[in-house]
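Examination of the molecular architecture
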Amino acid sequence: MTRAFLVVLDSVGIGGAPDADRYGDTGADTLGHISEACATGRGDGHGRSGPLAVPNLLKLGLGAAHRAAAGSEPAGLEVDAASHGAWGHAAETSRGKDTPSGHWELTGVPVAFDWTYYPVTVPTFPSRFTAALVRQAGLPGVLGDCHASGTEIIARLGEEHVRSGKPILYTSADSVVQIAAHEQAFGLDRLYEVCRIARTLVPDTVGRVIARPFVGTSADDFSRTGNRKDLAVPPPSPTLLQRHSDAGGTVISIGKIGDIFAHQGTGEEVKASGNAALFDALLSVTGRAPDGSLVVINFVDFDSLWGHRRDVAGYAAELEAFDRRLPEFLDALRPGDLAILTADHGNDPTWPGSDHTREQVPVLIAGPAAPTGDLGQLAFADVGATLGAHLGLPPGPHGTSRLRSPA
């Protein structure tokens with residue numbers, strides 16, 4: 001028995017999905033546009049400058065996967081550096097471009113139903129929902145009730161929230177209700193309770209209710225904390241995590257994985273806030289996880305700190321920081337281990353707006369048990385099928401294992 005690792009680089013897309021036009025995302029390319037910007041000096045900042053430098057990811061085939069998906073090879077994503085493991089590019093079949101459906105499909109459960117999305121209007125939420133939330137949670141009212149970027153709406157309405165005691169409600173292009181409140185002035189536990197009530201008031205086709213706590217004294221220094229909590233609906237059928245857990249296997253979930261999967265089959269949940277702390281947690285778990293373990297981690301900062309904020313330099317710096325540490329993880333793998341690095345959607349920081357983009361994602365298979373070479377076009381569910389086969393699980397209803405080396 002050997003170990004399996006699923007490493008999700010949140011929002012690191014590599015070019016528009018085949019159906020990107022349905023989402024207004026034709027031409028989106030998170031990684032490619034970051035690389036192009038860096039090559040022309042538009043990615044300088046956050047302590048970095050010049051062309052994008054991710055040599056360790058390139059060795060796993062990131063440049064080759066990007067060229068196959070997007071049809072371009074910008075400076076910083078050279079293809080000829082690929083030398084280890086196997087690589088490919090995957091397209092999602094689930095509807096939407098959000099976190100839960102991306103992760104669920106990666107672990108073998110495509111979403112066949114339509115999520116509930118809220119209109120780009122003010123107010124955006126149904127009046128029956130907000131009225132019931134105010135009544136049941138004992139609130140003096142709500143603020144926002146619109147589509148917004150989380151950091152922008154906190155800066156705009158945070159001071160009024162502190163004065164009035166009214167939480168800030170907002171949404172995005174995802175199927176989500178987000179509720180922001182000040183940790184001290186409003187109270188963290190109270191925010192969680194308001195979110196629990198909201199979860200009971202929205203249909204199961206709303207993917208998540210997210211608590212967005214923040215701290216600070218004014219709009220100049222308000223900042224979100226690591227005490228975010230996602231209340232997600234459970235996956236519609238057993239994911240790889242649930243199947244492995246039900247078979248008696250060890251599952252270790254790091255970061256927000258527990259919330260994304262509604263704590264279904266997520267096993268030991270290791271909390272960490274920020275990509276640096278998440279990487280530390282991954283190394284710690286890699287050192288102690290027993291034989292036969294499935295380890296799943298999401299590196300959220302790419303998406304939450306830089307993609308949504310349309311910060312090219314910050315995104316590039318985060319990619320380079322991850323790349324510098326990647327050899328630490330690869331060197332910690334044991335004989336027989338298999339690791340897949342991938343993403344759940346895109347979030348092109350050069351794209352209009354502040355929401356996710358419908359893109360293909362890289363699939364980079366590494367570790368002592370990895371196949372080798374170009375895997376071409378994959379389905380999201382092939383990721384879960386490959387990890388499941390490696391763990392000795394029977395095939396699920398979706399996806400094809402890619403453990404055998406391509407001819």
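Look above for the structure.
Residues numbered from 1 in each chain as written. Predicted model: local features only at pLDDT ≥ 70, side-chain atom pairs only at ≥ 80, totals over all residues. Heavy atoms only, no water.

**Overview of empty space enclosed by the protein**
Scanning the model with the defined rule gives one cavity of 30 Å³ or more in all. By volume, the largest cavity is sized at about 230 Å³. Around the largest cavity, the lining is made up of 23 residues, and of these S172, Q178, R212, R224 and H308 lie nearest the centre. Element by element, the count of residues in the lining of the largest cavity is highest for strand β6 (residues 208-215), at three residues. (1 Å grid on protein atoms, 1.4 Å probe; cavity = no way out; pocket = protein on both sides within 12 Å on 5 of 7 lines; lining within 4 Å. Points joined across faces, edges and corners; volume = space filled by probe spheres on them. Helix = DSSP H or I, 4+ residues; strand = E, 2+ residues; numbered from the N terminus.)

**Structural notes on unusual backbone geometry**
The omega torsion across V122 and P123 is 0 degrees, close enough to zero to call that bond cis. Looking at where P123 falls in the secondary structure, it is placed in the loop between α4 (99-106) and α5 (127-137). In the Ramachandran plot, H46 falls in the positive-phi region, its phi being about 55 degrees despite a non-glycine side chain. Structurally, H46 can be placed in the loop between α1 (30-39) and α2 (55-59). Here the phi dihedral of D145 falls at roughly 55 degrees; this positive angle occurs in a residue that is not glycine. Relative to the elements of secondary structure, D145 occurs in strand β3 (residues 143-147).

**Some words on the packing of aromatic side chains**
One pass over the structure, following the stated rule, counts 11 aromatic pairs. Where F5 meets F329, the ring centres are 5.5 Å apart and the plane angle is 75 degrees; that geometry is what we call edge-to-face. One end of the pair, F5, is in strand β1 (residues 4-9); the other, F329, is in helix α12 (residues 312-332), and 324 residues separate them in sequence. Both residues of the pair, F5 and F329, count as buried. Summarising the aromatic geometry, the rings of W104 and W115 are spaced 5.7 Å apart at their centres and angled 45 degrees between planes, so their arrangement reads as tilted. Remark: W115 occurs in the loop between α4 and α5 and W104 occurs in helix α4; sequence separation between them is 11 residues. Taken together, the ring pairs in this structure connect F279, F299, F302, Y315 and F322 into an aromatic cluster. When the ring centre of Y192 is taken as reference, the NZ or CZ atom of K229 above it lies at 4.9 Å. (Phe/Tyr/Trp six-rings, centres within 6.5 Å; stacked < 30°, edge-to-face > 60°. Buried < 20%, exposed > 50% of the residue type's maximum accessible area, 1.4 Å probe, protein only. Lys NZ or Arg CZ within 6 Å of the ring centre and 35° of its normal.)

**Side note on the layout of surface pockets**
For the largest pocket, the calculated volume is near 660 Å³. The wall of the largest pocket is formed by 31 residues, among which T225, G226, N227, R228 and S273 lie closest to the centre. Only α6 (150-164), β6, β7 (223-224), β8 (229-232) and α11 (301-307) provide two or more residues apiece to the lining of the largest pocket. Residue composition of the lining of the largest pocket, grouped by class: 10 nonpolar, 11 polar and 10 charged. Considering only enclosed or pocket space, the second largest pocket measures out at about 220 Å³ in volume. (Nonpolar A, V, L, I, M, F, W, Y, C, P; charged D, E, K, R; others polar.)

**Remarks on the pattern of salt bridges**
Under the definition given, this model contains 18 salt bridges. Note that R156 and E152 form a salt bridge whose closest N and O atoms lie 2.7 Å from each other. A residue pair is termed a helical-turn pair when its members lie 3 or 4 positions apart in one helix, as R156 and E152 do in helix α6 at four residues. Judged by relative accessible area, R156 falls into the partly exposed class, the value being 46%. Note on E152: relative accessible area 36%, which makes it partly exposed. (Salt bridge = Lys/Arg side-chain N within 4 Å of Asp/Glu carboxyl O.)

**Considering the packing of α5 against helix α7 (residues 183-201)**
The contact between α5 and α7 brings their axes to 10 Å, and the two run at 135 degrees. Classified by the interaxial angle, the pair formed by α5 and α7 is oblique. By crossing handedness, the relation of α5 to α7 is classed as right-handed. Residues F129, A132, L133, Q136 and A137 of α5 lie in contact with α7, whose contacting residues are R190, V194, I197, A198 and L201. (Axes fitted to C-alpha atoms, helices over the stretch in contact; angles between N-to-C directions. Parallel < 35°, antiparallel > 145°, perpendicular 65-115°, else oblique. Left-handed = near helix turned anticlockwise from the far one by under 90°. Contact = heavy atoms within 4.5 Å.)

**Looking at the state of the cysteines**
Per the stated rule, a full pass over the model turns up zero disulfides. Left without a disulfide partner, C146 is nearest to the cysteine sulfur of C195, which lies 16 Å away. The buried category is assigned to C146, whose relative accessible area is 8%. (Disulfide = S-S within 2.5 Å.)

**Quick word on the nonpolar core**
Core analysis: the largest hydrophobic core is formed by 81 residues, its most contacted members being L52, I254, F299, L319, F322 and F329. With seven residues, the top contributor of residues to this core is α12. For I254, the residues in contact, after removing those within four places along its chain, are V270, L278, A281, L282, V285, V295, V296, I297 and N298. Ranked by size, the runner-up nonpolar core spans 22 residues in total, among them F129, L139, F186 and Y192. (Core = buried A, V, L, I, M, F, W, Y, C linked by side-chain atoms within 4.5 Å.)

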